[in-house]
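# A closer look at the structure
Here is how the chains run, residue by residue.
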Amino acid sequence: MPFAEPPGAPPPGRRNFERDLPMAGHSQFKNIMHRKGRQDAQKSKLFSKLAREITVAAKLGTPDPAMNPRLRAAVIAARAENMPKDNIERAIKKASGNDAESYDELRYEGYGPGGVAVIMEVLTDNRNRAASDIRSYFTKSGGNLGETGSVSFMFDRLGVIEYDADKASADDMLEAAIEAGADDVVSGEGGHEIYAAQDTFRDVARALESTFGEARKVALIWRPQNTIAVDDSTGEKLLKLIDLLNEHDDVQNVYANFEVSDALIAKLGG
């Protein structure tokens, strides 16, 4: 069982964009907020996106987080961002109301500058608007929006469970993850990331919760199988593209398979 840093780990001095920032799917969001100094505006936008996911999850299943894994994950994500309890409850209640919006769940894929693969998860009430906006972002950045499946084969669809570093030592977390049936564990100063197959990670999450309490994140993600190291010029273009994508109201999560240098992160204030 491969409990080790997965293939594509960045060499010293480089940052793996999907993995090193404060964790997808809102890792890019946090980085943008910090880098651009728009904390309040971005926090409001983030709350709106979290509320949309909560409402959709509650509408598709039972409104009880204990009985609805997707809703529970959405609520955990909202708590991790310090979303007020009233906002969470309002989003759940909205799902049962007659005025609840109907959202389509979509996945867009494409190639950004430097041939970097990008996956976007979208919840939208207007497919045409979302597709048009996203396509224009890629075109302006020098990339291309592709067909569904055009880049996702370069990613693994996995479940991730995250805990803060102080919840357990690396050895204790590794032992518990093995016992729970996880496939991979990455521990560091930023915390513990436990990965499991899509069809088993809910069981893994429940097992770990019985030992360590509620995780800070439980979600399905797209993890790149390998990453591309890009120069600072290309990296800046890519980060600007992902800024635009994350700022779009319909885009919930963005994943990409590139690494940027620490120098570029420092330059952009990340």
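These numbers were taken from a predicted model, which means no experiment stands behind them. (Residues numbered from 1 in each chain as written. Predicted model: local features only at pLDDT ≥ 70, side-chain atom pairs only at ≥ 80, totals over all residues. Heavy atoms only, no water.)

### Focus: the overall build of the protein
Secondary structure assignment for the protein yields 10 helices and 11 strands. Buried positions account for 49% of the 270 residues belonging to the protein. Considering only intrachain contacts with a sequence separation of at least 6, the fraction spanning at least 24 residues in the protein is 72%. Working note: accessible area of the protein is about 12400 Å², and carbon and sulfur atoms make up 48% of it. (Helix = DSSP H or I, 4+ residues; strand = E, 2+ residues; numbered from the N terminus. Buried < 20%, exposed > 50% of the residue type's maximum accessible area, 1.4 Å probe, protein only. Contact = heavy atoms within 4.5 Å. Areas by Shrake-Rupley, 256 points an atom, 1.4 Å probe, with all protein chains shown as cover.)

### So, the sheet that holds strand β4 (residues 144–146)
The antiparallel open sheet is built from four strands, whose spatial order is β4-β2-β3-β10. In the strand order of this sheet, the two ends are held by β4 and β10 (251–256), each with one partner. The mean angle between the axes of side-by-side strands here comes to 25°, regardless of whether they run parallel or antiparallel. In the sheet, strand β2 (residues 104–111) pairs with strand β3 (residues 117–124) via eight bridges, with the strands oriented antiparallel. By the bridge assignment, Arg 107 is partnered in β3 with Glu 121. Sheet strands touched by helix α9 (residues 232–247): β3 and β10. Its angle to β10, the strand with the most contacts, is close to 155°. (Pairing = 2+ DSSP bridges. Axes fitted to C-alpha atoms, helices over the stretch in contact; angles between N-to-C directions.)

### Examining the layout of surface pockets
Size it by volume and the second largest pocket reaches roughly 530 Å³. Lining the second largest pocket are 25 residues, with Glu 53, Arg 70, Glu 121, Leu 220 and Asn 253 positioned closest to its centre. Listing elements by their share of the lining of the second largest pocket, those giving two or more residues are α3 (39–60), α4 (69–80), β2, β3, β8 (217–224) and β10. Looking at the lining of the second largest pocket, the element that brings in the most residues is α4, giving five residues. (1 Å grid on protein atoms, 1.4 Å probe; cavity = no way out; pocket = protein on both sides within 12 Å on 5 of 7 lines; lining within 4 Å. Points joined across faces, edges and corners; volume = space filled by probe spheres on them.)

### Focus on the sheet that holds strand β5 (residues 155–163)
The sheet built from four strands is open, its strands ordered β6-β7-β5-β8 with antiparallel pairing. Both edges of this open sheet fall to β6 (184–188) and β8, since each of them pairs with a single strand only. Ignoring which end each strand starts from, the neighbouring axes of this sheet average 30° apart. Bridging between β5 and β8 involves eight bridges; their strand directions are antiparallel. Bridge pairing in β8 links Phe 155 to Pro 224. Lying over the sheet, helix α8 (residues 201–212) contacts β5, β7 (191–197) and β8, oriented at roughly 15° with respect to β5.

### A closer look at the pattern of salt bridges
Tallying each qualifying case throughout the model produces 17 salt bridges. One salt bridge in this structure joins Lys 45 and Asp 249, with 2.8 Å as the shortest N-O distance. You can see Lys 45 sitting in helix α3 and its partner Asp 249 sitting in the loop between α9 and β10, a full 204 residues away along the chain. Residue Lys 45 is classed as partly exposed on the basis of its relative accessible area, which comes to 22%. Given a relative accessible area of 44%, Asp 249 falls into the partly exposed group. The structure contains a network of salt bridges with shared partners spanning Arg 52, Asp 125, Arg 129 and Asp 250. (Salt bridge = Lys/Arg side-chain N within 4 Å of Asp/Glu carboxyl O.)

### A look at the environment of Arg 223
Within the secondary structure, Arg 223 is located in strand β8. What makes Arg 223 buried here is its relative accessible area of 9%. Along the backbone, Arg 223 and Arg 157 are 66 residues apart, and their C-alpha atoms lie at a distance of 6.5 Å. For Arg 223, the side chain forms a polar contact with the side chain of Asp 184, separated by 3.1 Å. (Polar contact = N/O pair within 3.5 Å; in protein donor to acceptor, adjacent residues only side chain to side chain.)

### Things to note about a negative patch on the surface
Taken together, the side chains of Asp 171, Asp 172, Glu 175 and Glu 179 define an acidic patch exposed on the protein surface. Counting through the fold element by element, Glu 179 comes out in helix α7 (residues 170–180). Judged by its relative accessible area of 71%, Glu 179 is exposed. (Patch = residues over 30% accessible without salt bridge, like charges linked within 9 Å, V, L, I, M, F, W, Y side chains within 5 Å. Lys, Arg positive; Asp, Glu negative; His and termini not counted. Charge placed at Lys NZ, Arg CZ, Asp CG, Glu CD.)

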